[in-house]
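# Reading the structure
If you want the building blocks of each chain, they are given just below.
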Amino acid sequence: MMREAITQYVEREEKREAFRQDTLKAWEEYRATGLHVTAEEADAWLAQLEQGNDIEPPGCHV
């Protein structure tokens with residue numbers, strides 16, 4: 001039981017660290033290029049996906 005708990009903890013922490021690294025990479029890319037989508041654009045895209053519409057994500061812009 002203890003071994004399983006430790007395994008789950010390590011997996012969670014590895015995922016958390018990978019997410020953190022992805023976030024830092026995205027932030028640096030934004031700082032270098034200025035490319036982004038607005039919250040409204042992202043929300044509209046996610047709403048379409050939620051409704052079952054398979055659409056492309058919004059394009060990035062400056």
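The rules behind these values
- Residues numbered from 1 in each chain as written.
- Predicted model: local features only at pLDDT ≥ 70, side-chain atom pairs only at ≥ 80, totals over all residues.
- Heavy atoms only, no water.
- Helix = DSSP H or I, 4+ residues; strand = E, 2+ residues; numbered from the N terminus.
- Buried < 20%, exposed > 50% of the residue type's maximum accessible area, 1.4 Å probe, protein only.
- Lys, Arg positive; Asp, Glu negative; His and termini not counted.
- Charge placed at Lys NZ, Arg CZ, Asp CG, Glu CD.
- Contact = heavy atoms within 4.5 Å.
- Expected span 1.5 Å × (residues − 1).
- Salt bridge = Lys/Arg side-chain N within 4 Å of Asp/Glu carboxyl O.

### As for the overall build of the protein chain
- Looking only at helices and strands, one finds 2 helices and 0 strands in the protein chain.
- Taken along the three principal axes of its C-alpha coordinates, the protein chain extends 50 × 35 × 15 Å.
- Relative to its full complement of 62 residues, the protein chain shows a buried share of 0%.
- Treating the 7 positive side-chain charges of the protein chain as one cloud and the 14 negative ones as another, the clouds have centres 12 Å apart.

### Here's the deal with the environment of tryptophan 45
- As for its position among the elements, tryptophan 45 is in helix α2 (residues 39-50).
- The exposure class assigned to tryptophan 45 is partly exposed, which follows from its relative accessible area of 25%.
- The spacing of tryptophan 45 and cysteine 60 is 15 residues in sequence and 13 Å in space, taken between C-alpha atoms.
- Residues in contact with tryptophan 45, not counting those within four places in the same chain, are Ile55, Glu56, Pro57 and Pro58.

### Some thoughts on helix α1 (residues 2-33)
- Look at α1: 47 Å from first C-alpha to last across 32 residues, which is about the 46 Å you get at 1.5 Å a residue.
- With its phi angle positive at about 80°, glycine 34 sits one or two positions after the end of α1.

### Re α2
- Relative to the 16 Å expected for 12 residues at 1.5 Å per residue, α2 spans 16 Å between its end C-alpha atoms, a close match to the ideal helical length.
- Note on α2: the residue one or two positions beyond its end, glycine 52, has a positive phi of about 95°.

### A word on the pattern of salt bridges
- By the definition in use, this model includes 3 salt bridges.
- A salt bridge links glutamate 17 to arginine 20; its shortest N-O distance comes to 3.1 Å. With glutamate 17 and arginine 20 both in helix α1 and 3 residues apart, the pair spans about one turn of that helix.
- With relative accessibility at 35%, the residue glutamate 17 sits in the partly exposed group.

### Some points on the environment of leucine 46
- With respect to the helices and strands, leucine 46 occurs in helix α2.
- When its relative accessible area of 44% is taken as the criterion, leucine 46 is described as partly exposed.
- Distance from leucine 46 to proline 57, taken between C-alpha atoms, is 8.5 Å for residues 11 residues apart in sequence.

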